[in-house]
Amino acid sequence: MTGPVDERRLVEGREETLRKCYRVLEAYGKVYGAERFAECKSCHWVTSCGLRFVKSMFMVLEELASKDLKSRVPLTANPRPPQTSIPLVEKLVGRYLYSKQGRLESLLLRLGLIDPDAFTCTPYYIGNKPSYGDILAWAESSAVIYANSVLGARTNRNSSIVELLSGVTGETPLFGLLLDENRKADWLVEVKTSSKPSPFILGSLIGKSVLDGVPYIAGLDRWEFEEYELKDMGAAMAVWGAVGLFHAEDLTPEAVENGRKILRSDHKVLRVGDEELSKMKREMEAKAAPGKPDLAIIGCPHLSREQLDFFARELSEAELKTRTLLLAAPKIAREFKSTKLYSKLRDAGGDVDSFCPLMLTNIPTSKRLKILTNSGKLSYYSHAAFMDTPQLLSYLRGE
Ligand code: F3S
């Protein structure tokens, strides 16, 4: 990448580490055909676990911090590994596996984390909420697709480290989903189902079908589709395929602004009816293991406050059949824990926490645990068995 801006940066005699940041970003951008940098307004860090065996990431963070470099833009990070609320064996093994967690957190704070508790995959619920059109450097697939689609901001699915270097320099290479041309839809998805589709199942089906395409989804506006449902649908799309942006007719900002003009003329068509969704559901449920589950996990991606209230209400009236953890950002969890509803949830056998459940399932001993989840993301990446939300709630209440 060359050009007047880059030349100036390299000859201004900036401090060597900052220059290295630019060189890495420049090399990364060149791979994807970027010709210049764009101003970066927000940064979200993805590698939020202090894994005992990782060295190179710490070398980069230590060097940045030792030179007093900080993110120039709001910086948040993905959720922490589990520390409490899990069985003792996993707690002990996890403590060993993620033993550099304290070091990682203190480095991120020195590098400009907006709050010591800013660890969540829903940074937009805790103060790192970009505006329409802002260019960002985020690197968590569920957050990236939410920012692009629901907020109308612009970010690529960046590699870890690249997002932080963009935050530190305040600039990021301009390519991919940051450009108008690449935000056009190459799939028209026509949803014609007899009832409101499950966000996780629909998202999984779309992701599996369009892979890394940009879908324009028509038919969701027939129902009340909340933003948190778009969050869950997007998270599933991002893992079953590699979708970084979707448009939903009359719902998401760029679809509202452009209508079907945002579809490419040579777009493909995917039709989704009851049959297609039932088939996808069966595929997602295939992992279910016999026997009583040890744990149910709801909140991958982390729950919004409305979702937390909803699930807590649904689960606090009966003694739960399986211990259930609801996951949300630390700030949201803390506020919720001061309510009466939280006490009721605890009495029923549930609790609230803020970790990333994938980091629990990555603990080798956790394979012995039978885990149930309604998340199309957690069940895709781990041994956790999928159960759609209404069935999971009924099962947990013993109905
Ligand atoms: Fe968030 Fe971890 Fe799930 S980052 S989306 S809770 S896998």
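The structure presented is a predicted model; accordingly, all values stated were derived computationally and were not measured. (Residues numbered from 1 in each chain as written. Predicted model: local features only at pLDDT ≥ 70, side-chain atom pairs only at ≥ 80, totals over all residues.)

Novice: I'd like a description of the overall build of the protein chain, backed by residues and values.
Specialist: Looking only at helices and strands, the protein chain features 17 helices and 14 strands. In summary, the protein chain has a C-alpha radius of gyration of 21 Å against a globular reference of 21 Å for 399 residues, a match within 12%. Judged by the C-alpha coordinates and their principal axes, the protein chain covers about 70 × 55 × 35 Å. Out of the 399 residues in the protein chain, the part that is buried amounts to 49%. (Helix = DSSP H or I, 4+ residues; strand = E, 2+ residues; numbered from the N terminus. Rg over C-alpha atoms; globule rule 2.2 N^0.38 Å. Buried ≥ 20, exposed ≤ 12 C-beta atoms within 10 Å, placed from the backbone.)

Novice: Explain the sheet that holds strand β6 (residues 185-191) to me, and be specific about the residues and the numbers.
Specialist: In space, the four strands of this open sheet follow the order β8-β7-β6-β9, with parallel pairing throughout. One side of each edge strand has no neighbouring strand; the edge strands of this open sheet are β8 (247-248) and β9 (263-272). Relative to strand β7 (residues 215-218), β6 runs parallel, the two sharing four bridges. Pairing of V189 across the sheet is with I217, part of β7. (Pairing = 2+ DSSP bridges.)

Novice: So what's going on with the site of the ligand? Residues and values would help.
Specialist: Around the ligand, the structure places 14 residues, and the nearest of them are C121, C300, P301, C356 and L358. Elements with a contribution of two residues or more to the shell around the ligand: β10 (295-303) and α15 (357-361). Counting residues per element, the shell around the ligand draws most heavily on β10, at three residues. Residue composition of the shell around the ligand, grouped by class: nine nonpolar, three polar and two charged. Residues from two domains meet in the shell around the ligand; each of domain 1 (4-178) and domain 3 (287-396) gives at least three. (Near = placed C-beta within 6 Å. Nonpolar A, V, L, I, M, F, W, Y, C, P; charged D, E, K, R; others polar. Domains from an automatic or database assignment.)

Novice: Before we move on, could you go through unusual backbone geometry and cite the residues and values that matter?
Specialist: Look at the link from C300 to P301: it is a cis peptide, with omega at 5 degrees. Examined against the element boundaries, P301 turns out to sit in strand β10. The phi dihedral of D68 falls on the positive side, at around 60 degrees, and the residue is not glycine. Within the element layout of this structure, D68 appears in the loop between α3 (56-66) and β3 (75-77). Despite not being glycine, I161 shows a phi value in the positive range, around 85 degrees.

Novice: Give me the lowdown on helix α12 (residues 305-315), citing residues and values where you can.
Specialist: Buried within α12 are the following residues: Q307, L308, F311, A312 and L315. Buried residues of α12, viewed axially, fall in a sector of 130 degrees; they line one side. Every exposed residue of α12 that faces more than 90 degrees away from the buried side is listed here: E306 and R313. (Arc of directions from axis to C-beta.)

Novice: Tell me about the environment of V73, and name the residues and values.
Specialist: Counting through the fold element by element, V73 comes out in the loop between α3 and β3. Accessibility expressed as a C-beta count within 10 Å gives 23 for V73, which makes it buried. V73 sits 39 residues away from G112 along the chain, and the two C-alpha atoms are 8.3 Å apart. Ignoring sequence-local partners within four residues, the contact set of V73 consists of C40, K41, S42, C43, G167 and G170. (Contact = placed C-beta atoms within 7 Å.)

Novice: So what's going on with the sheet that holds strand β11 (residues 324-328)? Residues and values would help.
Specialist: Spatially, five strands are ordered β12-β11-β10-β13-β14 in an open sheet, and the strand pairing comes out parallel. With one partner strand each, in any of the chains shown, β12 (350-353) and β14 (385-386) form the two edges of the open sheet. Relative to strand β13 (residues 371-373), β10 is paired through three bridges, and the arrangement is parallel. Along β13, the bridge assignment pairs A296 with L372.

Novice: Break down the packing of helix α2 (residues 16-31) against helix α7 (residues 162-169) for me, with residues and values.
Specialist: Two elements in contact, α2 and α7, have axes whose closest approach is 10 Å; the angle formed by their N-to-C orientations is 130 degrees. With respect to each other, α2 and α7 are oriented oblique. Crossing of α2 against α7: the hand is left-handed. Counting all contacts with α2, which are made through L18, C21, Y22, V24, L25 and Y28, the residues of α7 involved are V162, L165, S166, V168 and T169. Here the contact of α2 with α7 is built from residues that sort into nine nonpolar, two polar and no charged. (Axes fitted to C-alpha atoms, helices over the stretch in contact; angles between N-to-C directions. Parallel < 35°, antiparallel > 145°, perpendicular 65-115°, else oblique. Left-handed = near helix turned anticlockwise from the far one by under 90°.)

Novice: Go over the domain arrangement of the protein chain, please, and point to the residues and values.
Specialist: Assigned domains within the protein chain: domain 1 (4-178), domain 2 (184-281) and domain 3 (287-396). For domain 2 versus domain 3, the separation of C-alpha centres amounts to 26 Å. If you list the elements that add at least two residues to the side of domain 2 that touches domain 3, you get α8 (199-210) and α9 (227-240). Looking at side-chain class alone, the side of domain 2 that touches domain 3 contains seven nonpolar, three polar and three charged residues.

Novice: Please provide a residue-by-residue account of the environment of R36, values included.
Specialist: With respect to the helices and strands, the residue R36 is situated in the loop between α2 and β1 (37-39). As a C-alpha pair, R36 and P116 span 80 residues in sequence and 34 Å in three-dimensional space.

Novice: So what's going on with the pairing of β10? Residues and values would help.
Specialist: When you tally the buried positions in β10, you get nine out of nine residues, the bulk of the element. Across four bridges, the pairing between β10 and β11 is parallel. Pairing of I298 across the sheet is with L326, part of β11.

Novice: Account for the nonpolar core, naming residues and giving values.
Specialist: Judged by nonpolar contacts, the single largest core of 116 residues is most densely connected at M237, I297, L326 and A328. For this core, the element with the most residues is α9, which contributes eight residues. Filtering out sequence-adjacent residues up to four positions away, A328 remains in contact with G299, H302, L303, L308, A333, V352 and S354. (Core = buried A, V, L, I, M, F, W, Y, C linked by C-beta atoms within 7 Å.)

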